[in-house]
Amino acid sequence: MKIMLDAGHGYTTAGKRSPDGMREYEFNRVVANYAKGLLEDYQNVTVYFAHSDKRDVPLKGRTDEANRLKVDCYVSIHANAYGSNWNDANGIETYVHPVRPKKTTELAKKIHRNLVIATGLKDRGLKEADFHVLRETEMSAVLAECGFMTNREDVKQLRSDTFRKTCAEAIVKGIADHFNLRKKTDAGTSPSKNPAPLPSKKGQYKVQVGAFDDKKNADELVDQLIKRGFPAYILFE
Ligand SMILES: [Zn+2]
């Protein structure tokens, strides 16, 4: 099956940042990258990105491409905002179009429930909105808002690599559950025949491959490593 992930917006999109300067796209793209890696562990899944790190793809370009490729589902990943100053609005909300097939509601509910459980953030519910990416897509389309950039507590999470990974895992769990996806390792053909030896003691030896002052450089290296199949992640010390 074909899945399109959309890290809403682009680096240069006006607004779309926390009062202290975290760009929403920074969060969205990392979650999308993690989700792509996780989805590719499943059989018969091809993942496409609607967004680009190089430009802010217009909404019409995103949905036209999804329709052209005839993807089976479209998931738009966002961080929320209420106004542009700090305030109390917080939590997770997931959107579907007011007019949609029942299966889209089912998919959205699964993604939403997994996000709420995994993040422990407030459940603001499943909501309806006439957003372009929900209206103009011809397949099941869901838009997830994973916490508020305008809330001091939520934004701490939105900045954390662990939280970003948690959101990706939750979104992927919802998709995998809805479409009954099977892990590649369940096929009984390859890696499971020769499983990697388990560590004999508790704890693991991990190897650091880089240290950067600029988060962007760390993100880029992690992306490259994940593309090559290493379970890379970022630690901030
Ligand atoms: Zn957004």
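Residues numbered from 1 in each chain as written. Predicted model: local features only at pLDDT ≥ 70, side-chain atom pairs only at ≥ 80, totals over all residues. Heavy atoms only, no water.

Student: Help me understand empty space enclosed by the protein, please; the structure alone is not making it clear to me.
Tutor: Unoccupied space between atoms shows up once a probe the size of one water molecule is rolled over them. A complete count under the given rule lists one cavity of 30 Å³ or more for this structure. Lining the largest cavity, in full, are Val30, Asn33, Tyr34, Asp161, Asp219, Val222, Asp223, Ile226 and Ile234. Taken together, the elements giving at least two residues each to the lining of the largest cavity come down to helix H1 (24-39) and helix H7 (215-227). Per-element tally for the lining of the largest cavity: the top contributor is H7, with four residues. Partitioned by chemical class, the residues of the lining of the largest cavity number five nonpolar, one polar and three charged. (1 Å grid on protein atoms, 1.4 Å probe; cavity = no way out; pocket = protein on both sides within 12 Å on 5 of 7 lines; lining within 4 Å. Points joined across faces, edges and corners; volume = space filled by probe spheres on them. Helix = DSSP H or I, 4+ residues; strand = E, 2+ residues; numbered from the N terminus. Nonpolar A, V, L, I, M, F, W, Y, C, P; charged D, E, K, R; others polar.)

Student: Would you explain the sheet that holds strand E4 (residues 92-96) in this entry?
Tutor: In a beta sheet, neighbouring strands pair by backbone hydrogen bonds and run either parallel or antiparallel. Spatially, E2-E1-E3-E6-E4-E5 is the arrangement adopted by the six strands of the open sheet, whose pairing is mixed. Where the open sheet ends on each side, the last strands, each with one partner, are strand E2 (46-49) and strand E5 (123-128). Put simply, the sheet's adjacent strands are angled 20° from each other on average, direction ignored. Inspection of the sheet shows strand E3 (residues 73-80) paired to strand E6 (residues 140-148) by seven bridges, in the parallel sense. Across the sheet, the residue bridging to Ile77 is Ala144, located in E6. Lying on the sheet, H1 is in contact with strand E1 (2-7), E2, E3 and E6; it crosses E3 at an angle near 145°. Each of E1, E3 and E6 is contacted by helix H6 (residues 161-178), which is oriented at about 150° to E3, the strand it contacts most. (Pairing = 2+ DSSP bridges. Axes fitted to C-alpha atoms, helices over the stretch in contact; angles between N-to-C directions. Contact = heavy atoms within 4.5 Å.)

Student: Explanation requested: the layout of surface pockets in the structure shown.
Tutor: Within this model, the largest pocket holds a volume of roughly 1,200 Å³. Of all the secondary-structure elements, those providing two or more residues to the lining of the largest pocket are H6 and H7. It is H7 that provides the largest number of residues to the lining of the largest pocket, a total of five residues. A breakdown of the residues in the lining of the largest pocket according to their chemical character gives 17 nonpolar, five polar and 10 charged. When its volume is computed, the second largest pocket comes out at roughly 680 Å³. Along the walls of the second largest pocket sit 24 residues, with Asn33, Gly37, Asp223, Ile226 and Lys227 positioned nearest its centre.

Shape is all these values report; function is a separate question.
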